[in-house]
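As a plain string of letters, each chain reads:
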Amino acid sequence: MKFFIDTANLDEIREAYDLGVLDGVTTNPSLMAKEGIRGEENVRAHYKAICDIVDDNVSAEVIATTYNEIIKEGEALAKIDDKIVVKVPMIKEGVKAIKYFSNQGIRTNCTLVFSAGQAILAAKAGAAYVSPFIGRLDDISTDGLALIEQLVQIYQNYEFETEILAASVRHTMHLVQCAEIGADVATCPLSVITGLLKHPLTDSGLEKFLADHKKSNS
């Protein structure tokens, strides 16, 4: 399973990359604003800075909601770097744009997906990634992981090439369960990725090994 980090913070991206497990980055306008990145020129420069850190797969989100504007904005984002994946919302105009981008060889990530029907449309239109938001489904008492499991089955049935990118991953068990179910990608905060490192038996075992080593060398 690929690990993407969901942030616009360059230090966090570098830390995840240096850990040796990072496969890509997802961002959105809210994450950009959180880092104080505002204005079209500054946002695009920041995307380039992210691309300069990672090897591939930097999802850059369009703000537009009409077909022509999505195309215009998406093409401009794609020109920033070959690593850019244009992030397009799951709306009618977005699906049409995904088909256009697919025909042009521009990779897309269909975002704000909350149902199997939406994910089927995205795959048929040629999206490189589809992003079901499992945490937000959990927030409304719906099983987000069940949607991932459903999509894995559907995509296998018809050999769709679209990759399932589990988004809104809130904690380490979300991440592990996505891997167990068969999601192709999970995107999450740095704290979720580094949370996988933690186990009390690892800590206590290391403490004992170090104590024994100290005794043997005293």
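Conventions we followed
Residues numbered from 1 in each chain as written. Predicted model: local features only at pLDDT ≥ 70, side-chain atom pairs only at ≥ 80, totals over all residues. Heavy atoms only, no water. Axes fitted to C-alpha atoms, helices over the stretch in contact; angles between N-to-C directions. Helix = DSSP H or I, 4+ residues; strand = E, 2+ residues; numbered from the N terminus. Parallel < 35°, antiparallel > 145°, perpendicular 65-115°, else oblique. Left-handed = near helix turned anticlockwise from the far one by under 90°. Contact = heavy atoms within 4.5 Å. Nonpolar A, V, L, I, M, F, W, Y, C, P; charged D, E, K, R; others polar. Salt bridge = Lys/Arg side-chain N within 4 Å of Asp/Glu carboxyl O. Buried < 20%, exposed > 50% of the residue type's maximum accessible area, 1.4 Å probe, protein only.

## A word on the packing of helix 8 (residues 144-158) against helix 9 (residues 172-181)
Here's step 1: Running from N to C, helix 8 and helix 9 point in directions that differ by 20 degrees, and their axes come no closer than 10 Å. Taken together, the axes of helix 8 and helix 9 are roughly parallel relative to one another. Regarding helix 8 and helix 9, the two cross each other, and that crossing is right-handed. Across the interface between the two elements, Leu 145, Ile 148, Glu 149 and Val 152 from helix 8 touch His 174, Gln 177, Cys 178 and Ile 181 from helix 9.
Here's step 2: Here the residues of the contact of helix 8 with helix 9 are counted per class, giving five nonpolar, two polar and one charged.

## Looking at the environment of Thr 172
Here's step 1: With respect to the helices and strands, Thr 172 occurs in helix 9.
Here's step 2: Spatially, the C-alpha atom of Thr 172 lies 32 Å from that of His 213, the residues being 41 residues apart in sequence.
Here's step 3: With near-sequence residues (within four places) excluded, Thr 172 lies in contact with Val 192, Gly 195 and Leu 196.

## Quick word on the pattern of salt bridges
Here's step 1: Evaluated as defined, the whole model comprises 10 salt bridges.
Here's step 2: Between Arg 44 and Glu 40 there is a salt bridge, and its shortest N-O distance comes to 3.4 Å. Linking Arg 44 with Glu 40, this pair stays in helix 3 (residues 40-51), spanning four residues, or about one helical turn.
Here's step 3: Judged by relative accessible area, Glu 40 falls into the exposed class, the value being 57%.
Here's step 4: A salt bridge links Arg 107 to Asp 56, with the shortest nitrogen-to-oxygen separation between them at 3.0 Å. Separated by 51 residues along the polypeptide, Arg 107 in the loop between helix 5 (92-103) and strand 5 (108-113) and Asp 56 in the loop between helix 3 and strand 3 (58-61) bring together distant segments of the chain.
Here's step 5: The class for Arg 107 is partly exposed, based on a relative accessible area of 25%.
Here's step 6: Here the salt bridges share partners, and the residues they tie into one network are Lys 48, Asp 52 and Asp 81.

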